[in-house]
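Residues per chain are reported as follows:
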Amino acid sequence: MLKKLLLKTAKWLTILMALSLIPVILLRWIPSPGSALMVERWVEFRQDNSQIEISRQWVPYKSIPDSMKMAVIAGEDQHFAQHFGFDLSAIKAAVEHNRQGGSLRGASTLTQQVAKNQFLWSGRSWPRKALEAWFTLWIEVLWPKQRILEIYLNIVEWDEGVFGVQAAAQQHFGIDASYLSDRQAAQLAAVLPNPREWSAAAPPAHVQRRANWIQQQSRQLGGAHYLREMEAGRPLPEWLSLRYWRNRLEV
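Cut-off values and rules
- Residues numbered from 1 in each chain as written.
- Predicted model: local features only at pLDDT ≥ 70, side-chain atom pairs only at ≥ 80, totals over all residues.
- Heavy atoms only, no water.
- Buried < 20%, exposed > 50% of the residue type's maximum accessible area, 1.4 Å probe, protein only.
- Helix = DSSP H or I, 4+ residues; strand = E, 2+ residues; numbered from the N terminus.
- Phe/Tyr/Trp six-rings, centres within 6.5 Å; stacked < 30°, edge-to-face > 60°.
- Lys NZ or Arg CZ within 6 Å of the ring centre and 35° of its normal.
- Core = buried A, V, L, I, M, F, W, Y, C linked by side-chain atoms within 4.5 Å.
- Contact = heavy atoms within 4.5 Å.
- 1 Å grid on protein atoms, 1.4 Å probe; cavity = no way out; pocket = protein on both sides within 12 Å on 5 of 7 lines; lining within 4 Å.
- Points joined across faces, edges and corners; volume = space filled by probe spheres on them.
- Nonpolar A, V, L, I, M, F, W, Y, C, P; charged D, E, K, R; others polar.

Chemist: Before we go on, may I ask you to explain helix α7 (residues 145-155) in this structure?
Modeler: Side chains that are three or four residues apart share a direction in an α-helix, a result of its 3.6 residues per turn. Taking burial as the measure, the 11 residues of α7 include 10 buried ones, the bulk of the element. Within the sequence span of α7, burial applies to K145, R147, I148, L149, E150, I151, Y152, L153, N154 and I155.

Structure follows, in structure tokens:
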């Protein structure tokens, strides 16, 4: 009886895991129609009887300035082009920092943020983190880096009800995303740790300093050269190759 129950459970888990990959596969090519976080915010606004509406508009990767792409990489995930979804060195540093006390520091990569915001709910529960890891892995396997960055920039939250770089550029600077200056891009990236409290158009002093740092880091990372290298692609990790697992099984 127990064996049958376990087999049935395993069967349904396998089916659910396979079904969960369908939206990941579809979003490899089609624009994101929205995100789980947008739905969550919409529900919040309705419950609070707020007049705020969700503002977002898809903008393709080629229409986003390189400075905006580099700003979020410099500010949020400087190893974006090198890692496969999880920045182990950043995780180790965050664990050590949090162990010593003080303010909590996260270590989420851009890929993890896409997985969370696109597909999952807010919170820090272990089930949610496990699902985040699952989606992060498959996003890295199925999407090129520029697609991950494109989705991120189109779904990230930049103010109350403001999602994506196009809506953010219009909200904060009254222009389309394609016309963002280097400084405006840095200021948008600088508020991402707390976008519902800090204004990119009128950032406080500490956010201005962070924007300065982001511009400096973007240059040091290589700017447009960094992006062209990233867009050229990189080989899959060894553990995703058939040869790797064949050799492991033979041992």
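From this point, the narrative continues.
Chemist: How do you make sense of the packing of aromatic side chains when you look at a structure like this?
Modeler: Counted under the stated rule, the structure contains two aromatic pairs. Between F119 and F135 the ring centres are 4.6 Å apart and the planes differ by 15°, which places this aromatic pair in the stacked class. With a gap of 16 residues between them, F119 in helix α5 (residues 110-119) and F135 in helix α6 (residues 126-142) connect regions that are remote in the sequence. Looking at F135, the relative accessible area reads 7%, which means it is buried. Centroid distance W134 to W138: 5.9 Å. Interplanar angle 65°. Geometry classified as edge-to-face. Here W134 pairs with W138, and both are found in helix α6, just four residues apart, close to one helical turn. The cationic tip of K69 hangs over the ring face of Y61; the distance from NZ or CZ to the ring centre is 3.6 Å.

Chemist: I'm lost on the nonpolar core in this one. Help?
Modeler: Inside soluble globular proteins, nonpolar side chains tend to come together where they are buried. Ranked by internal contacts, the top residues of the largest apolar core, which has 53 residues, are M68, L149, L153, W158 and V165. Here M68 is in contact with L153, W158, V165, L180, A185, L188 and A189, once residues within four sequence places are set aside.

Chemist: How do you make sense of the environment of P23 when you look at a structure like this?
Modeler: Residue placement: P23 occurs in helix α1 (residues 2-26). Owing to a relative accessible area of 31%, P23 belongs among the partly exposed residues under this scheme. The spatial distance from the C-alpha of P23 to the C-alpha of Q118 is 9.9 Å, given a sequence separation of 95 residues.

Chemist: Even after reading the chapter, I still don't get the layout of surface pockets, so can you show me in this structure?
Modeler: One simple way to see leftover space: roll a probe sized like a water molecule over the atoms. A volume near 170 Å³ is recorded for the second largest pocket. Taken together, D66, S67, M70, A71, D182, A186, I214, Q215, S218, R219, G223 and A224 make up the lining of the second largest pocket. If you list the elements that add at least two residues to the lining of the second largest pocket, you get α3 (66-76), α9 (182-190) and α10 (205-221). In the lining of the second largest pocket, the residues fall into five nonpolar, four polar and three charged.

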